[in-house]
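An overview of the molecular structure
Read off the chains here:
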Amino acid sequence: MGWRWEKVRARTGLIAAAVVIVALALVAGFLATRGGGGKTTATSPPATHTTAAGSTGGGGAAKPKEITLNIGLMVDKSGPTSGVGRPYAEGAEAAFKYFNEKGVYTRDGVRVKLNYIERDYGYNPTRAKQYYNEFRDQYHVAAIVGWGTADTEQLSSQVAKDKILYISASYSAKLVPQPYNFFPAPDYSTQACAAVTWMAQKKPGATLVLMYDHTVAYSKSPIPAIKAMAEKLGLKVYDVNLPLRASDADAENAVQQASQYKPDFIWCGNTISSCSRAAKAMAKYGLNAVMVANVWGFDERFPQLAGGSSQLAGHVAGVSPWRWPEGMQDKPGYREVFEAAKMAGKKVNLRFMQGFMNVWLLVKAIERTDSKTLMEKKGEALKEALESSCNGQPIKLGDITPPMRYCPGNHLPFRSSYIVVWDGKSFKFEGPITPSGVDCVKVTNEAEK
Amino acid sequence: MPAGVFKEKYSELMAHLRYPVHWAAAAAAALFLLLLPLAGAYPVSVAVDAAVFLVAAMGLNLTTGLAGQISLAQAALMGVGAYTVARTVAWLYSAGHPVAGLGLLLVPVAGLAAAAVGLALALPSFRLKGYYLAMASLAAQVLLAYLFRTVVDPNQGIVVPEEALTVAGVDFGSGPAMYYLVVGVAAVLALVAANVGRSSLGRAMKAVRDNDVSAAIVGIDVARTKALAFALGAFYAGVAGALYTVYNHGASWDAFTLATSIDLLAMVLVGGAGRVVWGSLLGVLLLRSLWGNLDAVLTGLPAVNMLGGVDAVKYLVFGLLVAYFVVEEPEGLIGVLRRVKEYLRLWPFSY
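Residues numbered from 1 in each chain as written. Chains lettered and ligands numbered in written order. Predicted model: local features only at pLDDT ≥ 70, side-chain atom pairs only at ≥ 80, totals over all residues.

**Some words on the domain arrangement of chain A**
Residue and element names in this part refer to chain A.
- What the domain assignment lists for chain A is domain 1 (66–185 + 327–387) and domain 2 (188–320 + 417–446).
- In this structure, domain 1 and domain 2 have C-alpha centres spaced 28 Å apart.
- Sorting elements by how many residues they give to the side of domain 1 that touches domain 2 places helix H4 (residues 149–162) first, with three residues.
- Split into classes, the residues belonging to the side of domain 1 that touches domain 2 amount to eight nonpolar, seven polar and three charged. (Domains from an automatic or database assignment. Helix = DSSP H or I, 4+ residues; strand = E, 2+ residues; numbered from the N terminus. Nonpolar A, V, L, I, M, F, W, Y, C, P; charged D, E, K, R; others polar.)

Right, here's the structure in full:
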């Protein structure tokens, strides 16, 4: 019955051939979709334009009518810092929409469209690395607007190798010497040193308790600098652990531990969700200390989140390198923020403004480069554009920031910060204070390498 | 011409590749894997990620699917392997010692370290079964995760310098070299896992899974089998963690949390518990590799923002998938594929 065996053979051969064809088709599919992709989330312009989204365009004399750049946007909308991450993300998204509508132009007048790809990494450095691979290999981004300290620090040498501009919401001092990392503010350590200077001015020889999460890179970032500055100014310093995702019980526990040191000042190194709970606990236990929170720990919502007690008046404060947007809508810089918020139908607050500023810094970089360099060198062109502010024209985001200069090897744009104090009815801005006597950036970079 | 298939030697019968179609499929798969780096860097990174989790899932399939010992600590064991490499290299590097190639040399050591911890996890299994053993492994996972977060890695991540991953001038931490290394190791470990299932150890594990009292009566050393099951699964997890460190140039505790353990268990259940190589592969492909594409699909959809964001919707989809497979398809995707194969075998006839 040989014919049956031949039929089995034929069928087997067919299946084998099908498997091979499917495998080859998959490979072909990968090859076809490589370098493409990228969701267009901004309003798409009319179809008649030339785009140069990927590798070097024609290096001829003809200027392209429009360039499309892929930009990665990494945010935390679901993790432990999402309390400040969500409004920041709203600001960044609104900024992309605003700048695409108004038009971003290179130095030689070529319009640039920003196509952003957003990923929520939930404050997990491992997921951040995965999304970074996606941004770099799938979408070939020229720049990334990032978020957290741990992942930005861990990616800093990789982005330098891959030549991708990285603007982060993390103002860690360890990023200041990195060649491709930028942010529009003084670093955490310089800001914290300004806060310590303010404390020493208010009460010389005071006792300072540091309340922060001992397992989070962002919270630990300014601590060595604070201790160095406090030692220089004669303040006594103690440490207490406050988890980043603190419950009311955790916060009360931390405050009780702190009260045994009889503090005059408490530094809060976490985001607003835990710092406000700690302030609530302070009011509950009648702890007569002044809490000074870092820039991500204090904003317009703080008095309400901290329970609204009248005991908070004069007892809670925060560091901020810029004046808050409330009441400033007529000033240049703030005007753009309010316009973008209106366009996106969102409310303006400090975090929204911070998200807007990070995208604006990217836009400033594009405006300082010409189309040919941008298409050839992409991320490297943007980096050089920002570093041209060192010896050339400084960068200003309207009136929000003082003139900022990014120098190669030292991306510290300016060094002054305000201390914002809640007096029970409104926020009072004291300063600006520029710390001196201790190189806070150096101390942070040399501590526990 | 005789009807049917006649094998003349026992080795022919026991071979992994028995029929022409097996040979064709193996050749196609080998060709595909060899040529994948030509497709670009992103498919390569997806493949490496899948290979790493395949190794971990195979380990869990050995412990839970083959031997029936429910383990919720697989991610923590991955962490043990990962930190063995990362911490050692980082400590030696900061002390100024040369670390060339050390990251790769430590991969088998990481597996053994994780196996040692796995043996410790086997101790509760001598007394506990089912849900209670799951609770004990859950406790181990939480404890190890706490240790990672506070003692081993208090900075949310340890970076491994590139020199530790470079051997003879080739950087095994990126590009095609990393791909071939990781996929090669995964292929070898898959072969080992497939053979475990067919060996006397595998049969002992299945006996213990089905009824450990009867297995003891028949003469199987139940304690030894359970210990080997945990140790073997943990070894796989340790190697997976170490390879993950190579791939990520470092280790961070957020990759080894309870959520990841549950992910791995879901991969095993959805793919097919007990089918160590193919079940794990299908589970990993569905719940890990295709998972990344969900981000691209869901981001920007207005309905998603109403439901609470991309993360929330992904959890929803994940939960629904796992619930469906546990209720309707206890044999997992492998069972589904087996039914497809049976259908095609008789097609176009129905019986």
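**Section: the sheet that holds strand S11 (residues 316–320) of chain A**
All names here are of chain A.
- Within the open sheet, the seven strands sit side by side as S8-S7-S9-S10-S11-S12-S13. Their pairing is mixed. Strands with a single pairing partner mark the edges of an open sheet, and in this sheet they are strand S8 (236–241) and strand S13 (427–433). Neighbour to neighbour, the strand axes of the sheet diverge by 25° on average, direction disregarded.
- Sheet topology note: the strand S10 (residues 290–293)/S11 ladder contains three bridges and is parallel. Residue pairing for S11: Val292 is matched across the bridge by Ala317.
- Strands strand S7 (207–212), S8 and strand S9 (265–268) of the sheet are contacted by helix H8 (residues 248–259), whose axis makes an angle of about 155° with S8.
- Against the sheet, helix H9 (residues 272–285) touches S7, S9, S10 and S11, its axis set at about 180° to S10. (Pairing = 2+ DSSP bridges. Axes fitted to C-alpha atoms, helices over the stretch in contact; angles between N-to-C directions. Contact = placed C-beta atoms within 7 Å.)

**Describing the packing of helix H11 (residues 258–271) of chain B against helix H15 (residues 332–346) of chain B**
All names here are of chain B.
- Axis separation between H11 and H15 bottoms out at 3 Å; the angle between their running directions is 20°. Considering their axes alone, H11 and H15 lie roughly parallel with respect to each other. Between H11 and H15, the residues in contact are Leu269, Val270 and Gly271 and Gly332, Leu333 and Ile334, respectively.
- Looking at side-chain class alone, the contact of H11 with H15 contains four nonpolar, two polar and no charged residues. (Parallel < 35°, antiparallel > 145°, perpendicular 65-115°, else oblique.)

**Things to note about the nonpolar core**
Residues and elements named next belong to chain A.
- Met211, Ala278 and Met291 are the most contacted members of the largest nonpolar core, which has 142 residues in total.
- With 11 residues, helix H12 (residues 350–367) is the largest single contributor of residues to this core.
- When residues of this core are assigned to domains, at least three map to each of domain 1 (66–185 + 327–387) and domain 2 (188–320 + 417–446).
- Dropping the residues within four chain positions of it, Met211 is found in contact with Val240, Leu242, Ala254, Ala258, Ile266, Trp267, Cys268, Gly269 and Ala278. (Core = buried A, V, L, I, M, F, W, Y, C linked by C-beta atoms within 7 Å. Buried ≥ 20, exposed ≤ 12 C-beta atoms within 10 Å, placed from the backbone.)

**Digging into the pairing of strand S4 (residues 143–146) of chain A**
Residue and element names in this part refer to chain A.
- The two faces of S4 match: Ala143 and Val145 on one face and Ile144 and Gly146 on the other face are all buried.
- Where strand S1 (residues 66–75) and S4 come together, three bridges link them in parallel fashion. Looking across to S4, one finds that Leu73 is bridged to Val145.
- When S4 meets strand S5 (residues 165–168), the two strands line up parallel, connected through four bridges. In the strand pairing of S5, Ala143 is matched with Leu165.

**Description of the pairing of strand S3 (residues 111–120) of chain A**
Residue and element names in this part refer to chain A.
- Counting buried residues along S3, nine of its 10 residues qualify, which places the element largely inside the surrounding structure.
- Two strands pair when backbone bridges link them, and S1 and S3 are joined in this way by 10 bridges, in the parallel orientation. In the strand pairing of S3, Thr68 is matched with Lys113.
- Bridge analysis of strand S2 (residues 104–105) against S3 gives two bridges, and the strand direction is antiparallel. In the strand pairing of S3, Tyr105 is matched with Arg111.

**A closer look at the environment of Val441(A)**
Residue and element names in this part refer to chain A.
- As for its position among the elements, Val441 is in helix H15 (residues 440–446).
- The buried category is assigned to Val441, around which 24 C-beta atoms lie within 10 Å.
- Val441 sits 253 residues away from Tyr188 along the chain, and the two C-alpha atoms are 8.7 Å apart.
- With sequence-adjacent residues up to four places away left out, Val441 is seen in contact with Ala173, Val176, Asp187, Ser189, Thr190 and Leu412.

**A short note on the sheet that holds S4(A)**
All names here are of chain A.
- Read across the sheet, six strands follow the order S2-S3-S1-S4-S5-S6 without closing on themselves; strand pairing throughout is mixed. In this open sheet, the two edge strands, each paired with only one partner strand, are S2 and strand S6 (181–182).
- Relative to the sheet, helix H14 (residues 379–387) contacts S4, S5 and S6, its axis offset from that of S5 by approximately 55°.

**Considering helix H12 (residues 276–298) of chain B**
- Spanning 23 residues, H12(B) covers 32 Å between terminal C-alpha atoms, matching the ideal 33 Å at 1.5 Å per step.
- Along H12(B), the sharpest kink reaches roughly 45°, centred on Trp291(B).
- Close packing links the buried residues of H12(B) with S3 of chain A together with helix H3 (41–66), helix H7 (175–198), H11, helix H14 (310–328) and H15 of chain B. (Expected span 1.5 Å × (residues − 1). Bend = angle between axes of the 7 residues up to and from the residue.)

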